[in-house]
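Letter by letter, the chains look like this.
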Amino acid sequence: MAIDPRDAAFIEETYREARRGRDAGGIPIGAVLVRDGAIIGRGHNQRIQLGDPILHGEMDALRNAGRQRSYRKTTLYTSLSPCLMCAGTIVQFKIPRVVICENVSFSGNEAFLAEHGVEIAVINDERFIRMMNQFIVSHPEEWNEDIGED
């Protein structure tokens, strides 16, 4: 899929967040939450670093955005297709649009999101696919733990 020019900068920030997670010894999954062309929250998976079982990249970005009166005019950029926990949170908060930078390594719950009216754009950027595949090969135990496949 061609990248919408309005999304390009936020995809880059999502990639930076994924690298931050990787460089800190964690799973390379990042996310940014955007409203009106500005990042209001950013984060990366910190399950390993902080020992927090729910601190996926999307959850970290939402936590860092702080309390919002409404998420209706936001877009969530995520480096990997959201798991059911993150997809449920997206639906619960009524985030209307999600940009998925790759869904090759993990297909996530895109059908669930679509069924609940979330607009989905899948990019499948090779950088994200390569980084995730390298992590899966070198850290299979951590990956399986993260996706609940122990």
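Attention in this report is confined to the structure presented alongside it.

Rules and cut-offs
Residues numbered from 1 in each chain as written. Predicted model: local features only at pLDDT ≥ 70, side-chain atom pairs only at ≥ 80, totals over all residues. Heavy atoms only, no water. Phe/Tyr/Trp six-rings, centres within 6.5 Å; stacked < 30°, edge-to-face > 60°. Helix = DSSP H or I, 4+ residues; strand = E, 2+ residues; numbered from the N terminus. Lys NZ or Arg CZ within 6 Å of the ring centre and 35° of its normal. Buried < 20%, exposed > 50% of the residue type's maximum accessible area, 1.4 Å probe, protein only. Pairing = 2+ DSSP bridges. Right-handed = clockwise from strand over helix to strand, strands pointing away. Axes fitted to C-alpha atoms, helices over the stretch in contact; angles between N-to-C directions. Contact = heavy atoms within 4.5 Å. Nonpolar A, V, L, I, M, F, W, Y, C, P; charged D, E, K, R; others polar.

On to the packing of aromatic side chains. A complete count under the given rule lists 3 aromatic pairs for this structure. When the centroid spacing of 4.6 Å and the interplanar angle of 5° are considered together, the rings of Tyr71 and Phe93 count as stacked. In this pair, Tyr71 sits in the loop between helix H3 (57-65) and strand S3 (74-78) while Phe93 sits in the loop between helix H4 (84-92) and strand S4 (97-100), placing the two residues 22 residues apart along the sequence. We note Arg127 situated over the ring of Tyr15; from NZ or CZ to the ring centre the distance is 4.5 Å.

With respect to burial, S3 is a largely interior element, 5 of its 5 residues being buried. Taking every second residue as pointing to the same face, both faces of S3 are buried, with Thr74, Leu76 and Thr78 on one and Thr75 and Tyr77 on the other. Pairing geometry for strand S1 (residues 30-35) and S3, over 5 bridges, is antiparallel. Each bridged residue has a counterpart across the sheet, and for Val34 the counterpart in S3 is Thr75. In this structure, S3 lies alongside S4, joined through 4 bridges in parallel fashion. Considered in S4, the bridge of Leu76 is made with Val98. Handedness of the crossover joining S3 and S4 through H4: right-handed.

On to the pairing of strand S5 (residues 119-122), then. Both S4 and S5 contribute to a ladder of 4 bridges, which runs parallel. Considered in S5, the bridge of Val99 is made with Ala121.

When two helices pack together, you describe them by how their axes are tilted relative to each other and by the distance separating the axes. Axis separation between H3 and H4 bottoms out at 9 Å; the angle between their running directions is 35°. On H4, the residues touching Glu58, Met59 and Leu62 of H3 are Met85, Cys86 and Thr89. When grouped by side-chain class, the residues that make up the contact of H3 with H4 number 4 nonpolar, 1 polar and 1 charged.

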